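# A closer look at the structure
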Amino acid sequence: MEKILIIDDNKSTIDALSQIISEKGYTPISAYSAEDGYKIYKSSAPDMIITDMKLPGMSGLDLLKKIRTEDEAIPMIIITAFGTVKSAVQAVKLGAYDFITKPFSVDEIEIKIDKALNTRRLALKNRELSLENAYLREEIGHEFSEIIGQSAAMQTVFSHIKKVALANSPVLILGDSGTGKELVARAIHFHSNRKDNPFIKVNCAALAQGVLESELFGHEKGSFTGAIRRKPGRFEIAAQGSIFLDEIGEIPADVQVKLLRVLQEKEFERVGGTETLKMNARIIAATNQDLAVLIKSGKFREDLYYRLNVVPITLPSLKNRKEDIPLLVDHFIGKYNVETGRQVREILPEALSALKNYEWPGNIRELENVIERAIVMSTNPQIRLEDLPDKLVSDDIRPSESTQGPINTPGSLVEIVNDFERKLILDVLDENDGNIAKAARKLQIKRTTLRYKIEKYKLLGYNGESD
């Protein structure tokens, strides 16, 4: 049971808050001064703190500063009189989670406690998943450190990498753009007995036909205009290592013929040369295209396809492994904190929900770009919903300035509208047996919008699984 420390020199306030907290199923702990509250914080490790601003001796603001030097994660809510709201706003800037003004309502206290604890739970869960993922990567091998995921689909990929790494057979990596095909190719190489030899990458789509042939096989001096000296090709440079042919579906027909010979005979000649050279590198190819369709249209050789497709590995799209999104977000937050010098600690629940509800046509590469942008643009220690691109958040769920922050007062228009909306959504969900798709149609809003509002209002039991 989660513990909440209440610090106030007024016994009536402590009794009222203790009753609210107990009825919510949490354990209240009380102190009548900041000094005593700090001692209890050190000995009892509460899950959150509610403290009055004005206290005998050390003030609530001083206590906030003291605790924040030791613990940045524990949520702290400041209680203040209505006339000192400016001081409470200052407290929020110094790291308080939120504030409430006296006199306060039971509903207001309950909502803010639930929201603070939910944010803490999410942060702890993300940290737990991050540690678990780090452990899994360490178990599989340090070369997987850039491949993030503990979903069933990714565990299958990890298993295939380990099995195929020790063989010498060609590997064909399939998957949409941005799914991490090059990372998988590198992992295969670095888990093989070739790991001490070169890993050579060739982007077949980025090179013109004549240039690609020269890059792969090399050329002799004078073999074409500009060939002022002999140049070894990538197959020679790879030697006993691995060569990664990215976007293999873009290789021109005449180069396909030569590549087929390399796969069949393990030999080739440089452009303009007569000396036959042996090829000892392992070939790993990748494509985001359907090679079967290219074969039917005459753009790709069927015999080459079968030579390349000895061991296929298919990477799942991000929309099919959304349970990995929190891990990926945590990884990219750490990466771009280092690169930008920022100190973003977490992503807020509503922002993470928006990420999970998006379809990610650009896959992991697109997610990485979104997190990098959010960290660069944000001035807060958290990634919030408003830090995300508009395409991820529809206008009817993006909070306006009037609904953000902790300054809403009980009985305000915003709270009245929110309460009406919450009850309406509950009624429509109940009418449709919890089916989100049907409820969204009835409400004439998008399913992603409805999922966001379900999380926003913490409508337990309606988690999106029924649509």
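Residues numbered from 1 in each chain as written. Predicted model: local features only at pLDDT ≥ 70, side-chain atom pairs only at ≥ 80, totals over all residues. Heavy atoms only, no water.

## As for the overall build of the protein
- Regarding its fold elements, the protein presents 18 helices and 16 strands.
- Roughly 23,100 Å² of accessible area belongs to the protein as shown, and the carbon and sulfur atoms make up 51% of that amount. (Helix = DSSP H or I, 4+ residues; strand = E, 2+ residues; numbered from the N terminus. Areas by Shrake-Rupley, 256 points an atom, 1.4 Å probe, with all protein chains shown as cover.)

## A short note on the sheet that holds strand S10 (residues 242–246)
- A sheet is described by the order of its strands in space; here five strands give the open sequence S7-S10-S13-S6-S14, paired in parallel fashion. What marks the edges here is a single partner per strand, and that holds for strand S7 (199–203) and strand S14 (311–314). In this sheet, adjacent strand axes meet at a mean angle of 20° when their direction is disregarded.
- Relative to the sheet, helix H6 (residues 152–165) contacts strand S6 (171–174), strand S13 (282–287) and S14, its axis offset from that of S14 by approximately 155°.
- Its contacts with the sheet put helix H7 (residues 181–190) on S6, S7, S10, S13 and S14, and the angle it makes with S6 is roughly 150°. (Pairing = 2+ DSSP bridges. Axes fitted to C-alpha atoms, helices over the stretch in contact; angles between N-to-C directions. Contact = heavy atoms within 4.5 Å.)

## Observations concerning the packing of helix H14 (residues 349–357) against helix H18 (residues 447–456)
- Between H14 and H18, the least distance of the axes is 10 Å, while the angle of their chain directions is 155°. Considered as vectors, H14 and H18 are oriented roughly antiparallel to each other. Two packed elements cross with a definite hand, and for H14 against H18 that hand is right-handed. The residues of H18 that touch H14, namely those facing Pro349, Glu350, Ser353 and Asn357, are Thr448, Arg451, Tyr452 and Glu455.
- Of the residues that constitute the contact of H14 with H18, the class distribution is two nonpolar, three polar and three charged. (Parallel < 35°, antiparallel > 145°, perpendicular 65-115°, else oblique. Left-handed = near helix turned anticlockwise from the far one by under 90°. Nonpolar A, V, L, I, M, F, W, Y, C, P; charged D, E, K, R; others polar.)

## Considering the pairing of strand S1 (residues 3–7)
- Most of S1 sits out of view: four of its five residues are buried.
- Examined bridge by bridge, S1 and strand S2 (residues 27–31) share five bridges and lie parallel to one another. Looking at the pairing, Ile4 lines up with Pro28 of S2.
- As paired strands, S1 and strand S3 (residues 48–52) are joined by four bridges and run parallel to one another. Bridge pairing in S3 places Leu5 opposite Ile49. (Buried < 20%, exposed > 50% of the residue type's maximum accessible area, 1.4 Å probe, protein only.)

## Here we look at the packing of aromatic side chains
- The final tally for this structure, using the stated rule, is seven aromatic pairs.
- Measuring from ring centre to ring centre gives 4.6 Å for Tyr358 and Trp360, while their planes differ by 90°; the resulting arrangement is edge-to-face. The same class applies to Tyr358 as to Trp360, namely buried.
- An aromatic cluster is built from Phe217, Phe235 and Phe268, whose rings are joined through pairwise contacts.
- One residue, Lys112, lies across the ring of Phe99, its end atom 5.9 Å from the ring centre. (Phe/Tyr/Trp six-rings, centres within 6.5 Å; stacked < 30°, edge-to-face > 60°. Lys NZ or Arg CZ within 6 Å of the ring centre and 35° of its normal.)

## Describing the sheet that holds S3
- Spatial strand order, S2-S1-S3-S4-S5: five strands in an open sheet with parallel pairing. The open sheet has two free edges, formed respectively by S2 and strand S5 (98–102), since each of these has just one partner strand. The mean inter-strand angle of the sheet, taken between neighbouring strand axes irrespective of direction, is 20°.
- On top of the sheet, helix H1 (residues 11–23) reaches S1, S2, S3, strand S4 (76–81) and S5; it is set at about 165° to S2, its chief contact.

## Some remarks on H1
- For H1, with 13 residues, the first-to-last C-alpha span of 18 Å sits near the 18 Å given by 1.5 Å per residue.
- All buried positions along H1 are accounted for by Thr13, Ile14, Leu17, Ser18, Ile20 and Ile21. Down the axis, H1 shows its buried residues gathered within 165° of arc, on one side only. In H1, the exposed positions that point more than 90 degrees away from the buried face belong to Lys11, Ser12 and Glu23. (Expected span 1.5 Å × (residues − 1). Arc of directions from axis to C-beta.)

## Observations concerning the confidence of the model for the protein
- In this model, the protein carries an average pLDDT of 84, and 87% of its residues clear a pLDDT of 70 or more.
- Every residue in residues 135–143 scores below 50 in pLDDT, and together they form 15 contacts with partners more than four places removed in sequence or on other chains.
- Within the model, the stretch residues 463–467 combines pLDDT values under 50 with eleven contacts to residues more than four positions away or in other chains. (pLDDT = per-residue confidence, 0-100.)

## Some words on unusual backbone geometry
- We note that Trp360 has phi near 55°; this positive angle belongs to a residue other than glycine.
- Within the secondary structure layout, Trp360 lies in the loop between H14 and helix H15 (363–377).
- Relative accessible area serves as the criterion here: at 1%, Trp360 is assigned to the buried category.
- Even without a glycine there, the phi angle at Asn363 is positive, about 60°.
- One can find Asn363 in helix H15.

## Looking at the packing of helix H17 (residues 436–443) against H18
- Contact geometry of H17 with H18 gives a least axis separation of 9 Å together with a crossing angle of 105°. Between H17 and H18, the interaxial angle falls into the category roughly perpendicular. In this structure, H17 contributes Ile436, Ala437, Ala439, Ala440 and Leu443 to the contact, and H18 contributes Arg447, Leu450, Arg451 and Ile454.
- Along the lines of polarity and charge, the residues of the contact of H17 with H18 split into seven nonpolar, no polar and two charged.

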